[in-house]
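# Reading the structure
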Amino acid sequence: STLYTNLAHTLLEQERVDEALLLYEKALGIDKKLLGEEHPFVAANYTNVAEIIALSGQYAKAEELLLNALEIYAKTPTENLFEVIDAMMMLGKLQSEQTRYSEAQTTFTDIKARMTKLLGERHPQLSQIYQLIANTYRIQGEFLDAEKNYNQALLLQEQILDQGNNIYANLIED
């Protein structure tokens, strides 16, 4: 299934979404058959399919697939921490897209806690999460909380720029 997934990634990068979806679904079917329904590779395939389905506006189906992935990952929590964060990130963005901002805030806050535990409080990748949390607060008119989170994101960005590390500096423009 790895070859199907890699080819699907390549097609998706070329915006050949329908073709990529077929290959992701094929990889999902193969992994379910060979590895069983509860394998982390199946969860990864659910996340891949959810990403494409969400692009077409099928949010409920995409969310169902992400929840399936997270349920599988929950059974092997120490092995797939970054995959869990990726699936949760996609779920939070889906929730925001559907104007379910309170749910998105909860999801993003959970991600922030997991990332902080994994990477530490000052890791540059946390800047994006602070921005997403701030966006949900801002949209709901909770400006003080939005400002607090935007400021935290800026602190992390300034730390990156002060260190001359441009790897994550583009986050400041997002």
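First, a word on what this report is: a plain description of the structure on this page. A quick note: this is a predicted structure, and the numbers were derived from the prediction, not measured.

It is worth spelling out the layout of surface pockets at this point. Volume-wise, the largest pocket comes out at about 370 Å³. What lines the largest pocket is a set of 17 residues, among which Phe82, Ile85, Asp86, Ala87 and Met89 lie closest to the centre. When residues of the lining of the largest pocket are traced back to their parent elements, those giving at least two are helix H3 (40–55) and helix H5 (81–97). Per element, the largest residue contribution to the lining of the largest pocket is eight residues, and it comes from H5.

Turning our attention to the pattern of salt bridges. Opposite charge on two side chains lets them pair, provided their charged atoms get close. Enumeration according to the criterion identifies five salt bridges in this entry. Of the charged contacts in the structure, one is a salt bridge between arginine 16 and glutamate 19, with a shortest N-O distance of 2.9 Å. Relative accessible area serves as the criterion here: at 33%, arginine 16 is assigned to the partly exposed category. Residue glutamate 19 is classed as partly exposed on the basis of its relative accessible area of 37%. The partner of arginine 100 in a salt bridge is glutamate 103, and the shortest N-O contact between them spans 2.8 Å. Glutamate 103 gets classed as partly exposed once you look at its relative accessible area, which sits at 38%. Sharing partners across several salt bridges, the network here consists of Glu63, Arg100 and Glu103.

Given 3.6 residues per turn, any residue in an α-helix points the same way as the ones three and four places further on. Spanning 20 residues, helix H8 (residues 143–162) covers 28 Å between terminal C-alpha atoms, matching the ideal 28 Å at 1.5 Å per step. Those residues of H8 lying buried are Ala146, Asn149, Ala153, Leu156, Gln157, Gln159 and Ile160. Down the axis of H8, the buried side of the element spans an arc of 155 degrees, and every buried residue falls inside it. Away from its buried face by more than 90 degrees, H8 exposes Phe143, Leu144, Lys148 and Asp162. Taken together, the buried residues of H8 touch helix H7 (126–139).

Packed helices, taken two at a time, are described by their axes: the angle between them and the distance between them. Running from amino to carboxyl end, helix H1 (residues 2–13) crosses H3 at an angle of 25 degrees, the nearest separation of the two axes being 12 Å. The orientation of H1 with respect to H3, classified from their angle, is roughly parallel. At the point where H1 passes H3, the crossing takes the left-handed sense. Facing H1, whose interface residues are Thr5, His9 and Leu12, H3 presents Asn45, Asn48, Glu51, Ile52 and Leu55. Taken together, the residues of the contact of H1 with H3 break down into three nonpolar, four polar and one charged.

Turning to the packing of H3 against H5, a few remarks are in order. Where H3 meets H5, the axes come as close as 11 Å, and the angle between the chain directions of the two elements is 20 degrees. As judged from the angle between their axes, H3 and H5 are roughly parallel. Between H3 and H5 lies a crossing of left-handed hand. Contact with H3, carried on its side by Thr47, Ala50, Glu51 and Ala54, involves Ala87, Met90 and Leu94 of H5 and no other residues of that element. Residues of the contact of H3 with H5, tallied by class, amount to five nonpolar, one polar and one charged.

Parameters at a glance
Residues numbered from 1 in each chain as written. Predicted model: local features only at pLDDT ≥ 70, side-chain atom pairs only at ≥ 80, totals over all residues. Heavy atoms only, no water. 1 Å grid on protein atoms, 1.4 Å probe; cavity = no way out; pocket = protein on both sides within 12 Å on 5 of 7 lines; lining within 4 Å. Points joined across faces, edges and corners; volume = space filled by probe spheres on them. Helix = DSSP H or I, 4+ residues; strand = E, 2+ residues; numbered from the N terminus. Salt bridge = Lys/Arg side-chain N within 4 Å of Asp/Glu carboxyl O. Buried < 20%, exposed > 50% of the residue type's maximum accessible area, 1.4 Å probe, protein only. Expected span 1.5 Å × (residues − 1). Arc of directions from axis to C-beta. Contact = heavy atoms within 4.5 Å. Axes fitted to C-alpha atoms, helices over the stretch in contact; angles between N-to-C directions. Parallel < 35°, antiparallel > 145°, perpendicular 65-115°, else oblique. Left-handed = near helix turned anticlockwise from the far one by under 90°. Nonpolar A, V, L, I, M, F, W, Y, C, P; charged D, E, K, R; others polar.

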